[in-house]
Amino acid sequence: MVLDTKYQRFRDEVREFATQVVAPKASHIDQTGEFSWDTAKEMGRMGLLGIPFPKKYGGAGLDHLSYAIAVEEISRVCGSTGVTLAAHVSLGCYPIYASGTEKQKRKFLPPLLKGDKIGSFGLTEPNAGSDAGATETTAELAGDEWIINGTKRFITSGAIADTMVITATQDRSKGVHGISAFIVEKGSPGFSPGREEEKLGLRGSITSELVFEDCRIPKENLLGQEYEGFKIFMQTLDGGRISIGAMALGIGQGALDASIEYAQNRVQFGKPLRKFQLIQRMIADMETEISAARHLVYHAAMLKDGGEVVTKEGAMAKLYASEACMRATSAAIQIHGCRGLTNAYPVERFFRDAKLTEIGEGTSEIMRIVIAREILGR
Amino acid sequence: MDFELTQDQKLIQDMVRRFAINELEPVAAEIDRTREFPWQNIKKMAELGLLGVIVPEQYGGAGLDFLSLALVIEEISKVCASTGVIVAVNNSLVAYPILNFGNGDQHKKYLPLLAKAEKIGAIGLTEPNAGSDVAAFESTAVLEGDHYRLNGTKRFITNGREAGVCIVFAYTDKSKGHRGMSAFVVEDGTPGFSKGEHEDLMGLRSTGNCELIFEDARVPKENLLGEEGQGFKIAMHTLDVSRIDIGAQAVGIAQGALDAAVKYAKERKAFGQSISEFQFIQGMLAEMATQIMAARLLVYHAAVVKDRGVPRFSKESSMAKWFASETCMNAVRMAVQVHGGYGYSKDYAVERFYRDAKVMEIYEGTSEIQKVVIARSLLQGT
């Protein structure tokens, strides 16, 4: 794919940041589970936390292709930082930008897009994963406040977020059509971040519960119209999936980079690994699949930039990129042998990080249903 | 081929299954987190004969066959793969070569220790610059009077930190290539023998994996295993045997993952029904079960071939190991997938299975090496 030179320059800029700032901390934050505030602040300063949003709200005024490139380049060295960026932009900020009133945008977006605040998105619940319509969290209007009750789970950046978009049902009997979306600020009475998850991968990103116990938020924090929550989160996920595709693409590329270097240098049976056909096979498959994934991800991003609905394309990009990423990270450890299982090399981290891309923001099974439905109809 | 298990085989399978559920499963997540070597359970298993399954009764073992050993490793690995490989290494990588290549004195001295887990065994073959290319190792042994002087470093040694009896490979005559390789039994406490840092690995974290370091280590002459120059033969034959157990371990992990996925699929509801009603989930469960059955049959077949005394079974053993390890990887991936976000958290065992599985495709010969062994066997008509 030949990209305009402005994208090349942007990629170079992000790559330098990823190499200089993000990569040196990647193994440490994975092992300790620490969130790197320094990195988040620096991403804010560079404008990465507000890439695809207009400058008038404090954004960088760039497009979704640039955003995909940024997520890719950062994930290439650190999946945890990649998912933190993706969750902030696509899940925390985008729904406010797409569905908020002008007043809400003016109020909430500037600190988020400049990186002074972190955003997150509370959709998943203990009993509502793929079936997001099974949301049990409730919202009730009492005077000029909404009263929220319920628990969200597996929320990226949940415990550190300042501004959250959450879904809650106003009427369970209406299923998905009873759900509304709300903006909740940290410090709202009755809100507390719940326990943090111990995860397989992405351990340098924060995943936690959000607990609402008679949590009170102002009436004007309703996002969109009442009962529009389903539409809002489906639209949010359509875009979010492109960024998870970009993240998978980046992790896969990082695994390939490491494999190429190792195959050049490691000598067995008197020659470098790169001379063995079974190693060449793995490298060739990785390169081919990652290239295909990149095309799908960029294609979906470009369509979105053109104002198209990207339900099918976003799902295809995420589905293919995440599965390619899984194969690439497994092959990368394979090429490294036992050393690939130690944290002296990044590939075991990539392998653990990769699995989430098949699950988060819609499992591969949901992606297939979405794609099939777009082709076959409901 | 008929795999109707004998009464004895069924008995041991059933006993180990119960022991694994009662004793191993409750601590599996904890020892994964702490990297603690499960000595207490190893001692209990030794009382049941599991540390010397294939060791003759006269040396304190259970005196059973290799199919029984495969059944034991499979059942243990269903709940705790770390414990599975500890037992596998002690049996097939340490006790077996001593039994097969050692002399009467060595049998009497070491087999009871290993079978009763008074000492745990380890084997040192891999080195920093010699992984798949086994013969590229650099360790040397020089005979000086009644001792060999051993120098070199072995890496990624399962059971290493806890091992009291190690089989170590070194060149006694580098000029002869792999025919100059010899095997030694080295005891912990041997002057000049020390152990490296505990490796912090992605999976199989409780196996005491470390380097074995030999700096002018003085190994008694009588600790030579077999004859000088037999090392490569000992290593290759031993790996042919032990790969069956890695296959069994992979089948065990995969079955554990499938069991967890079936349980979760029945419990979890989405879109108003059990997720087990969805064809995607059914498809994954069916693929897992079919591949696991095929892998199990390959593993049992290889064990039976070995038990029948067929002299060469490299092909059968490599096919079992390669196919079972790939099956295992597919199974753990799908098991996490069935669990969704929950499978990505340490609250469910499949997260651990996922990390444990990957090494199945790497140790005791990578999948690439297994394929080369299989192909060579086909091309040479053996």
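Conventions adopted
Residues numbered from 1 in each chain as written. Chains lettered and ligands numbered in written order. Predicted model: local features only at pLDDT ≥ 70, side-chain atom pairs only at ≥ 80, totals over all residues. UniProt positions renumbered as here; feature names shortened; annotations may be inferred. Helix = DSSP H or I, 4+ residues; strand = E, 2+ residues; numbered from the N terminus. Rg over C-alpha atoms; globule rule 2.2 N^0.38 Å. Buried ≥ 20, exposed ≤ 12 C-beta atoms within 10 Å, placed from the backbone. Domains from an automatic or database assignment. Contact = placed C-beta atoms within 7 Å. Nonpolar A, V, L, I, M, F, W, Y, C, P; charged D, E, K, R; others polar. Pairing = 2+ DSSP bridges.

Where an unreviewed UniProt entry is consulted, chain B appears under the name Acyl-CoA dehydrogenase, with the organism given as candidate division TA06 bacterium DG_26. Taken directly from UniProt, the Cofactor (unreviewed entry) text for chain B runs: "FAD".

Chain A is annotated in an unreviewed UniProt entry as Acyl-CoA dehydrogenase from candidate division TA06 bacterium DG_26. Per its UniProt entry, chain A bears the Cofactor (unreviewed entry) comment "FAD". UniProt, in its Sequence similarities (unreviewed entry) section for chain A, records the words "Belongs to the acyl-CoA dehydrogenase family."

With that settled, consider the overall build of chain B. When helices and strands are tallied, chain B shows ten helices and ten strands. Relative to the compact-globule value of 21 Å for 382 residues, chain B shows a C-alpha radius of gyration of 21 Å, a close match. In terms of overall dimensions, chain B has a C-alpha envelope of 80 × 45 × 40 Å along the principal axes. Out of the 382 residues belonging to chain B, those deemed buried represent 58%.

Residues and elements named next belong to chain B. For chain B, the assigned domains are domain 1 (7-120), domain 2 (122-231) and domain 3 (239-379). Here the C-alpha centre of domain 2 lies 22 Å away from the C-alpha centre of domain 1. Across the boundary between the two partners, domain 1 contributes 24 residues, which contact 20 residues of domain 2. Contributing elements (two or more residues each) for the side of domain 1 that touches domain 2: α1 (7-34), α4 (81-101) and α5 (104-115). Its residues assigned to classes, the side of domain 1 that touches domain 2 comprises 16 nonpolar, three polar and five charged.

Here we come to the interface of chain A and chain B. Counting residues at the interface gives 31 residues for chain A and 33 residues for chain B. Looking at the side of chain A that touches chain B residue by residue, the class counts come to twelve nonpolar, eleven polar and eight charged.

So, on to the domain arrangement of chain A. All names here are of chain A. The domain boundaries assigned to chain A delineate domain 1 (5-113), domain 2 (119-229) and domain 3 (233-376). In this structure, domain 1 and domain 2 have C-alpha centres spaced 22 Å apart. Taken together, the contact pairs 24 residues of domain 1 with 19 residues of domain 2. When residues of the side of domain 1 that touches domain 2 are traced back to their parent elements, those giving at least two are α1 (5-32), α4 (79-99) and α5 (102-113). Per-element tally for the side of domain 1 that touches domain 2: the top contributor is α4, with 13 residues.

Another aspect to go through is the pairing of strand β2 (residues 138-142) of chain A. Residue and element names in this part refer to chain A. Where β2 lies against strand β3 (residues 145-156), five bridges are found, and the strand directions are antiparallel. Directly across from A139, in β3, lies its bridge partner I148. Counted along the chain from β2 to the antiparallel partner β3, the turn is two residues long, and its residue G143 has a positive phi close to 65°.

UniProt's feature table lists "domain: Acyl-CoA oxidase/dehydrogenase middle" (unreviewed entry) at residues 122-216 of chain B, given in the numbering used throughout. Regarding residues 122-216 of chain B, the helix share stands at 0% and the strand share at 47%, and the terminal C-alpha atoms are separated by 20 Å.

All names here are of chain B. With respect to the helices and strands, the residue H178 is situated in the loop between β4 (163-171) and β5 (181-187). Judged by the 15 C-beta atoms lying within 10 Å of it, H178 is partly exposed. Discounting chain neighbours no more than four positions away, the residues touching H178 are A135 and F232.

Turning our eyes to something else, we now look at the UniProt feature "domain: Acyl-CoA dehydrogenase/oxidase C-terminal" (unreviewed entry) in chain A. Here the UniProt-annotated "domain: Acyl-CoA dehydrogenase/oxidase C-terminal" (unreviewed entry) positions come out as residues 228-376 of chain A. Helix makes up 78% of residues 228-376 of chain A and strand 3%, whereas the separation of the span's terminal C-alpha atoms amounts to 25 Å.

Within the chain, A:E361 stands out as a residue other than glycine whose phi angle is a positive 55°. As for its position among the elements, A:E361 is in the loop between α9 (347-357) and α10 (364-376). A count of 31 C-beta atoms within 10 Å places A:E361 in the buried class. One non-glycine residue with positive phi stands out, namely B:A117, at about 60°.

On to the environment of A:T207. Residue and element names in this part refer to chain A. For T207, the location among the structural elements is in strand β7 (residues 207-218). Classification of T207 by C-beta neighbours within 10 Å gives buried; the count is 26. C-alpha of T207 to C-alpha of F108: the two residues are 99 residues apart in sequence and 22 Å apart in space. For T207, the residues in contact, after removing those within four places along its chain, are F154, I155, T156, G158, E196, E197 and K199.

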